[in-house]
Amino acid sequence: MSIAFVLGINMSVAGIFALAFAVVAATNRTARGAGWLAMGYGLGIVNVGLEFLLTRQVEPTAVGVGIFLVFLLALSFALIGIASHCRVAPPWAAMAAIWVLTIFAVPLIFTLPYGTSLRLILYQLPYFAMHVVAVVVLLRSGRRQALDLLLIMLQIVAALTYLAKPVVAALVGTASTPQGYIATTYAAISQSSSVVVLMAIGLVLLLVMMRDTTAEMIARSETDALSSVLNRRGFEQHAGVALLRGDEAAVLIAADLDDFKKINDSFGHAAGDGVIAHFAAMLADAAPDDAIVGRIGGEEFAVLLPDAMLSDGRIYAEIVRKAFETAQLPVLGVDRGFTASFGVAQRVPEDSLFDLMRRADAALYRAKEGGRNQVRVALNEMPPPAERGVA
């Protein structure tokens, strides 16, 4: 297999991935970083074209420097794309340091005799450094799913590949001039290893984007656009799974805004929407990390507290009730406070989510009937008198 054929494969692979990421960027605005990855792989095409051009140069230094820096720029764009997709700030300082050191090293690298170990090591170090920084970015993102771990592993393999190239050159030999590089065994090994690693990274990145896009679509379908908490479908799905996964301890709080129709009639629907959004935010902010918060109707909400007792649910409901009662929304022209009523029920053995919600709704109904702006617990939560030590 000639090196020209390998370079042709490299150019084709770079083009395919550049096109794939460009399509993802154009058709899916939630695929953060796809545009940067498209530019990175696109520069791979330029890099291979310069490799072919190098063989025809009498004085190869300018094209050689172009090959060196264009590939580093391609890795830089890919790194920005990975950071953007992972919602991590791109490592501008680290990248700038690599670029500054590389620019200062260019005169030294390209005045050293071609094919020497020192030149090869200095040539590969910036590429090694970019992949190391990519590993750091992925670790900082906190992502630990299977594809994320595979991507980290591939970045490490890529980094080690660049460190290994000077060793390979020492073992198999390389050309004495840049123009002769394309005809060497070292070039075939170097280019083949690079395309395999970069193709694997590209495939995994596409799979990661597909996975994350699917997850975001599911999340949007389960999220209430007005309140930013789960809608009824999402709440029932997540709460049902939590009850199946957890033990018997769980508390459900049903909440309902008091006299909500009067809010709309007095201040308008925009103000009513603002009150709903504000109340949902208060429910979410006061809830523990494992709580499941949902808007299950117009002004009706439900909160599931896994691994909690009835007293925990009542305390939580009282905190939100008092905070909401004293809250003001002047930005919407609302000049008064509002109230909400709460019903709290604790899970008992063999309870389904429907059973738990039914009892919490019954307690909520009693809170409404008792004058609103209060917290009531489901009556059957209290143990019988004999169990409480009462004769």
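Here is a short report on the structure shown in this document.

The rules we used
- Residues numbered from 1 in each chain as written.
- Predicted model: local features only at pLDDT ≥ 70, side-chain atom pairs only at ≥ 80, totals over all residues.
- Heavy atoms only, no water.
- Helix = DSSP H or I, 4+ residues; strand = E, 2+ residues; numbered from the N terminus.
- Rg over C-alpha atoms; globule rule 2.2 N^0.38 Å.
- Buried < 20%, exposed > 50% of the residue type's maximum accessible area, 1.4 Å probe, protein only.
- Lys, Arg positive; Asp, Glu negative; His and termini not counted.
- Charge placed at Lys NZ, Arg CZ, Asp CG, Glu CD.
- Phe/Tyr/Trp six-rings, centres within 6.5 Å; stacked < 30°, edge-to-face > 60°.
- Patch = residues over 30% accessible without salt bridge, like charges linked within 9 Å, V, L, I, M, F, W, Y side chains within 5 Å.
- Areas by Shrake-Rupley, 256 points an atom, 1.4 Å probe, with all protein chains shown as cover.
- Salt bridge = Lys/Arg side-chain N within 4 Å of Asp/Glu carboxyl O.
- Core = buried A, V, L, I, M, F, W, Y, C linked by side-chain atoms within 4.5 Å.
- Contact = heavy atoms within 4.5 Å.
- 1 Å grid on protein atoms, 1.4 Å probe; cavity = no way out; pocket = protein on both sides within 12 Å on 5 of 7 lines; lining within 4 Å.
- Points joined across faces, edges and corners; volume = space filled by probe spheres on them.
- Nonpolar A, V, L, I, M, F, W, Y, C, P; charged D, E, K, R; others polar.
- Axes fitted to C-alpha atoms, helices over the stretch in contact; angles between N-to-C directions.
- Parallel < 35°, antiparallel > 145°, perpendicular 65-115°, else oblique.
- Expected span 1.5 Å × (residues − 1).

### Focus: the overall build of the protein
The secondary structure content of the protein amounts to 12 helices and 5 strands. What you see for the protein is a C-alpha radius of gyration of 31 Å, clearly larger than the 21 Å of a compact globule of 391 residues, by over 25%. Counting only C-alpha atoms and orienting by the principal axes, one finds that the protein spans roughly 100 × 50 × 30 Å. Per-residue burial over the protein gives 48% buried out of 391 residues. In the protein, the 29 positive side-chain charges and the 32 negative ones have mean positions that sit 6 Å from each other.

### Observations regarding the packing of aromatic side chains
Per the counting criterion, the structure on display carries 16 aromatic pairs. In textbook terms, an aromatic cluster arises when at least three aromatic residues are bridged by ring pairs, as seen for Phe68, Phe71, Phe110, Tyr123, Tyr127 and Tyr162.

### So, a nonpolar patch on the surface
A cluster of nonpolar residues, Ile121, Leu125, Ile156, Leu160 and Leu163, forms a patch on the protein surface that exposes about 400 Å² of accessible area. Sorting the residues of the nonpolar patch by element identifies helix 5 (117–140) and helix 6 (146–172) as the ones contributing at least two each. With 3 residues, the top contributor of residues to the nonpolar patch is helix 6. By secondary structure assignment, the location of Ile121 is in helix 5.

### Details of the nonpolar core
Phe21, Tyr127 and Ile201 are the most contacted members of the largest nonpolar core, which has 56 residues in total. At the level of elements, helix 1 (3–27), helix 2 (34–54), helix 3 (61–85), helix 4 (92–109), helix 5, helix 6 and helix 7 (185–221) are the ones that each hand at least two residues to this core. Broken down by element, the residue count for this core peaks at 15 residues, all from helix 3. Tyr127 has contacts with Ile67, Phe68, Phe71, Leu72, Leu75 and Tyr162, leaving out every residue within four places of it along the chain.

### Side note on empty space enclosed by the protein
Tallied over the full model, the rule gives 2 cavities of 30 Å³ or more. Here the largest cavity defines a volume of roughly 50 Å³. As for the largest cavity, its lining consists of Leu37, Gly81, Ile82, His85, Cys86, Leu138, Arg143, Asp148, Leu151, Leu205, Val208 and Met209. At the level of secondary structure, the elements contributing two or more residues to the lining of the largest cavity comprise helix 3, helix 6 and helix 7. Considering only residue class, the lining of the largest cavity consists of 8 nonpolar, 2 polar and 2 charged. Empty space within the second largest cavity amounts to approximately 30 Å³. Looking at the second largest cavity, the residues that line it are His131, Ala158, Thr161, Tyr162, Ser193, Ser194 and Val197. Of all the secondary structure elements, the ones that give two or more residues to the lining of the second largest cavity are helix 6 and helix 7.

### Examining the layout of surface pockets
Size it by volume and the largest pocket reaches roughly 900 Å³. Split into classes, the residues belonging to the lining of the largest pocket amount to 30 nonpolar, 14 polar and 3 charged.

### Quick notes on the pattern of salt bridges
The full count for this structure, using the stated rule, is 15 salt bridges. The salt bridge partner of Asp265 is Lys261, with a shortest N-O separation of 2.9 Å. Residue Asp265 and its partner Lys261 are both found in helix 9 (residues 260–267); the two are separated by 4 residues, about one turn of the helix. Using a relative accessible area of 60% as the deciding quantity, one classes Lys261 as exposed. Members of the salt-bridge network, linked through shared partners, are Arg143, Asp148, Arg211 and Asp212.

### With respect to the packing of helix 6 against helix 7
With their axes 10 Å apart at the nearest point, helix 6 and helix 7 run at an angle of 175° to one another. Comparing the axis directions of helix 6 and helix 7 gives the class roughly antiparallel. Here the contact of helix 6 with helix 7 is built from residues that sort into 19 nonpolar, 5 polar and 3 charged.

### Regarding helix 10 (residues 269–286)
A rise of 1.5 Å per residue sets the reference length of helix 10, with its 18 residues, at 26 Å; its end C-alpha atoms lie 26 Å apart and thus fit the reference within 8%. Where helix 10 is concerned, the buried positions are Ala271, Gly272, Gly274, Val275, Ile276, Phe279, Ala280, Met282 and Leu283. Against the buried residues of helix 10 lie strand 1 (250–257), helix 9, strand 2 (292–295), strand 3 (300–306), helix 11 (310–326) and strand 4 (340–346).

### Things to note about the environment of Val65
Positionally, Val65 belongs in helix 3. In this structure the C-alpha to C-alpha distance between Val65 and Pro107, which are 42 residues apart in sequence, comes to 9.5 Å. Ignoring sequence-local partners within four residues, the contact set of Val65 consists of Val106 and Phe110.

Purely geometric stuff here, so don't read any function into it on its own.
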